[in-house]
Amino acid sequence: MLHNLHVKNLALIEEAEVDFSEGLNILSGETGAGKSIIIGSIGAAIGEKASKDIIRKDADYALVELVFSVDSSVREKLCAMDIPMEDDQVILTRRISGGRAAARINSESVSLAKLKEAAALLIDIHGQHEHQSLLAQKNHLQILDAYARKDIGSLKADLSEAYRAYTGIVHELKEASLDTEQRARELSFLKYEAEEIEQARLRPGEDEELEAQYERYANGKKIMGSLAETYRLTSDNGASQMLGHAVQEIAQAGAYDGKARQLEEQLLTIDSLLNDFNRELAGYMEDADFDEERFYEIEKRLDFINGLKAKYGGTIEKILSEYEKKQARIETLSDYDAYLSGLQQRLEQKEAQLEALCKKISRIRRKEAQKLAEEIRAALTDLNFLDVKFELQITKKKEYTASGYDEAEFLISANPGEPLKSLSKIASGGELSRIMLAIKAVLADCDEIGTLIFDEIDTGISGRTAQMVSEKMNVISKDHQIICITHLPQIAAMADTHFLIEKQAEHNRTATSIRKLNEDESITELGRMLGGVKITDTVLKSAKEMKDLAAAAKQLPERV
């Protein structure tokens, strides 16, 4: 669940901190107070588009931080994404500055794509735009698959892989349409390239060895000069001679002093080490072979290898890999009819595999579609669709897709005697809002996402319908944390925790704030929502009664 929201320098918010609770969290306030800014800030934190325009005037940056707690199943999924965990807590942070946005998860920088992927496991924002997404038929199959994911989740992964393999072979067949003359030209060129690589007799690591030798030969004169000067400075005409004199002198002192004898032993050790060093240096200089002819051979071989790298790959390993590919292609072109025949057989096998998976998934979908449609119909009845009919129609496409060959479409009859029709042809804004809530209510039972946010779910509804919507949200909040922005008192009265969003103007600056209301303050806010500008004792009494009725409704068993 979402425990804390921290917002700084975003739009009208200078700085705000909110601690959310379990159950149903209601956010209310006057029109224009900044309710949408709160939801927008959460959206920004989970990866939605954020521009520099949302940064508060005179501020350098905007910051949004969300703190979640997660259960073991979500923790495992986050760990599989290589997201660092801190005591079953996840902190999503988004900083926006100068048109750029930096994202972090538990203080570790992540890409926007990874932020969105992680956030999808934690929170689901349902806004007014989602009502319209119901009108797009392509989304209906996604809703069905989300409902049936326990039965088809692994099958869909197999289907996606089978479709990828199938389309790969289809593409290969299209590319395989070569005439005899084209095949002959390609075969001749491939043989020339393969022979060139083969005759090079390359071995991995050869280039690195040659480059090291080349570097040594190229600097041979300088190396030998430095070694000779080193030998002169340390041998009999240099340090070694002077060290020998020093040994003689300290030996005389050592004859009379114990400490001097100890120093004499150390100096003798140094003398011995220097003599060993000079012998090794002399041997190295004697054995060193800087052959000009060998240097030329190394240079010529390196030039040849680098030429092959330019043609076939940047490393010897890539050149050898290209050789294997060319050999395989030569074998294919040499017996092209057999290749085409094998390709066709593979296509038939993959198509049969794909067809079998599509059939299996389709059978599950059709079975689950009936159950889903019935559950949504029951939920719609709870939301004051009194005599509603609702179906999920499954039809078969002519072609395969990564999702199979099914198409799904929601059909509804909201009034007695009316035939079932597409949502796009009959549903109003208020009806779409309730249909989406019904779907959310049904999916919530099989949804692991802990926090659901509803922004203006009450669009186009009032009266008894609003009361039934509030009851449905109360039911969902038993298993999920709900954060809901509303302007309807019937929904606000059902709050487990009530927040007020306010806008104040001070010193020629406007700021939005949010605070948690106690019981009396919540009743006063309900009175404002009921009575408008003037809140009378009668209005407050009605608000108190509404709050009491909501409390009583929470104690009732869920309607089936």
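Residues numbered from 1 in each chain as written. Predicted model: local features only at pLDDT ≥ 70, side-chain atom pairs only at ≥ 80, totals over all residues. Heavy atoms only, no water.

### Overview of the overall build of the chain
Right, so step 1: Scanning the chain from terminus to terminus reveals 20 helices and 15 strands.
Right, so step 2: Against the globule reference of 24 Å for 560 residues, the chain gives a C-alpha radius of gyration of 39 Å, more extended than a compact globule.
Right, so step 3: Judged by the C-alpha coordinates and their principal axes, the chain covers about 115 × 85 × 45 Å.
Right, so step 4: Here the chain holds 560 residues, and the buried ones make up 44% of them.
Right, so step 5: Counting contacts in the chain only where the partners sit at least 6 residues apart, residues at least 24 apart contribute 71% of the total.
Right, so step 6: Approximately 30,800 Å² of the chain is accessible, and the part contributed by carbon and sulfur atoms is 49%.
Right, so step 7: Positive and negative charge centroids in the chain, built from 73 and 98 side chains respectively, lie 7 Å apart. (Helix = DSSP H or I, 4+ residues; strand = E, 2+ residues; numbered from the N terminus. Rg over C-alpha atoms; globule rule 2.2 N^0.38 Å. Buried < 20%, exposed > 50% of the residue type's maximum accessible area, 1.4 Å probe, protein only. Contact = heavy atoms within 4.5 Å. Areas by Shrake-Rupley, 256 points an atom, 1.4 Å probe, with all protein chains shown as cover. Lys, Arg positive; Asp, Glu negative; His and termini not counted. Charge placed at Lys NZ, Arg CZ, Asp CG, Glu CD.)

### Some thoughts on the pairing of strand S4 (residues 62–69)
Right, so step 1: When you tally the buried positions in S4, you get 6 out of 8 residues, the bulk of the element.
Right, so step 2: Strand direction decides the pairing type here: S4 and strand S5 (residues 89–97), joined by 8 bridges, are antiparallel. Counted as the bridge partner of Val 64 is Arg 94 from S5. (Pairing = 2+ DSSP bridges.)

### Brief notes about helix H19 (residues 519–531)
It helps to recall that an α-helix has 3.6 residues per turn; residues three or four apart then point in one direction.
Right, so step 1: Given a rise of 1.5 Å per residue, 13 residues ought to cover 18 Å, and the 18 Å separating the end C-alpha atoms of H19 matches this to within 8%.
Right, so step 2: Those residues of H19 lying buried are Ser 522, Ile 523, Glu 525, Leu 526, Gly 527, Arg 528 and Met 529.
Right, so step 3: Structurally, H19 contributes buried residues whose contacts are with strand S3 (24–28), helix H18 (489–492), strand S14 (497–506) and helix H20 (537–555).
Right, so step 4: Where H19 begins, the capping side chain belongs to Asn 518, and its oxygen is found 3.2 Å from the backbone nitrogen of Asp 520. (Expected span 1.5 Å × (residues − 1). Polar contact = N/O pair within 3.5 Å; in protein donor to acceptor, adjacent residues only side chain to side chain.)

### Some details on unusual backbone geometry
Right, so step 1: Positive phi values are uncommon outside glycine, yet Asp 58 reaches one of about 75°.
Right, so step 2: For Asp 58, the location among the structural elements is in the loop between helix H1 (35–45) and S4.
Right, so step 3: What makes Asp 58 exposed here is its relative accessible area of 68%.
Right, so step 4: Look at Ser 107: it is not a glycine, yet its phi comes out positive at around 70°.

### Remarks on the nonpolar core
Right, so step 1: By size, the foremost hydrophobic cluster in this structure holds 58 residues, and its most contacted members are Leu 134, Ile 376, Leu 380, Leu 392, Phe 410, Met 473 and Cys 484.
Right, so step 2: When residues of this core are assigned to their parent elements, the largest contribution, 10 residues, is made by helix H16 (residues 429–444).
Right, so step 3: Excluding anything up to four places from it in sequence, Leu 134 contacts His 140, Ile 143, Phe 410, Leu 423, Leu 432, Ile 435, Met 436 and Ile 439.
Right, so step 4: Membership of the second largest hydrophobic core comes to 47 residues, among which are Ile 38, Ile 39, Ile 46 and Phe 499. (Core = buried A, V, L, I, M, F, W, Y, C linked by side-chain atoms within 4.5 Å.)

### Points about the sheet that holds strand S2 (residues 13–19)
Right, so step 1: One open sheet accounts for 6 strands, arranged S2-S1-S4-S5-S6-S7; its pairing is antiparallel. The sheet terminates laterally at S2 and strand S7 (108–110), the two strands that pair on one side only. Sheet twist, expressed as the average angle between the axes of neighbouring strands with direction ignored, equals 15°.
Right, so step 2: The pairing of strand S1 (residues 2–10) with S2 spans 6 bridges and is classified as antiparallel. Residue pairing for S2: Lys 8 is matched across the bridge by Glu 15.
Right, so step 3: Lying over the sheet, helix H3 (residues 112–119) contacts S5, strand S6 (100–105) and S7, oriented at roughly 50° with respect to S6. (Axes fitted to C-alpha atoms, helices over the stretch in contact; angles between N-to-C directions.)

### Some thoughts on the confidence of the model for the chain
Note that predicted coordinates carrying low pLDDT should not be read in detail.
Right, so step 1: Per-residue confidence for the chain gives a mean pLDDT of 85, with 94% of residues at or over 70.
Right, so step 2: Mean pLDDT values over the elements of the chain span from 58, in helix H4 (residues 128–133), up to 93, in S3. (pLDDT = per-residue confidence, 0-100.)

### Things to note about the side chain of Ser 21
Right, so step 1: Looking at the secondary structure, you find Ser 21 in the loop between S2 and S3.
Right, so step 2: Among the polar contacts made by the side chain of Ser 21, one reaches the side chain of Thr 497 at a distance of 3.1 Å.
Right, so step 3: Not counting residues within four places of it along the chain, the set of residues in contact with Ser 21 comprises Met 1, Gln 481, Thr 497 and Lys 516.

### Regarding the environment of Ile 439
Right, so step 1: Tracing the chain through its elements places Ile 439 in helix H16.
Right, so step 2: Exposure remark for Ile 439: the relative accessible area of 2% places this residue in the buried category.
Right, so step 3: A C-alpha to C-alpha distance of 41 Å links Ile 439 and Ala 505, two positions 66 residues apart in sequence.

### Some points on the packing of aromatic side chains
Right, so step 1: A complete count under the given rule lists 4 aromatic pairs for this structure.
Right, so step 2: Between Tyr 166 and Tyr 400, the aromatic rings sit 5.7 Å apart at their centres with planes inclined by 75°, giving edge-to-face as the arrangement. Note that Tyr 166 is positioned in helix H6 (residues 149–175) and Tyr 400 in strand S9 (residues 389–401), a separation of 234 residues in sequence.
Right, so step 3: Overall, the relative accessible area of 15% leaves Tyr 166 in the buried class.
Right, so step 4: Its relative accessible area of 17% is what places Tyr 400 among the buried residues.
Right, so step 5: Here Lys 396 stacks its cationic end above the ring of Tyr 405, 4.5 Å away from the centre of that ring. (Phe/Tyr/Trp six-rings, centres within 6.5 Å; stacked < 30°, edge-to-face > 60°. Lys NZ or Arg CZ within 6 Å of the ring centre and 35° of its normal.)

### What about the pattern of salt bridges?
Right, so step 1: Summed over the entire model, instances satisfying the criterion amount to 24 salt bridges.
Right, so step 2: Arg 528 is paired through a salt bridge with Glu 30; the nearest N and O atoms lie 3.4 Å apart. Of this pair, Arg 528 sits in helix H19 while Glu 30 is found in the loop between S3 and H1, placing the two residues 498 residues apart along the sequence.
Right, so step 3: With a shortest N-O distance of 2.6 Å, Glu 229 and Arg 232 are connected by a salt bridge. (Salt bridge = Lys/Arg side-chain N within 4 Å of Asp/Glu carboxyl O.)

### Things to note about helix H10 (residues 239–254)
Right, so step 1: The first and last C-alpha atoms of H10 sit 22 Å apart over 16 residues, in line with the 22 Å expected at 1.5 Å per residue.
Right, so step 2: The complete set of buried residues in H10 reads Ser 240, Leu 243, Val 247, Ile 250 and Gly 254. Each buried residue of H10 lies within a common arc of 80° when the element is viewed along its axis, so the set occupies one face. In H10, the exposed positions that point more than 90 degrees away from the buried face belong to Met 242, Gln 248, Glu 249 and Gln 252. (Arc of directions from axis to C-beta.)

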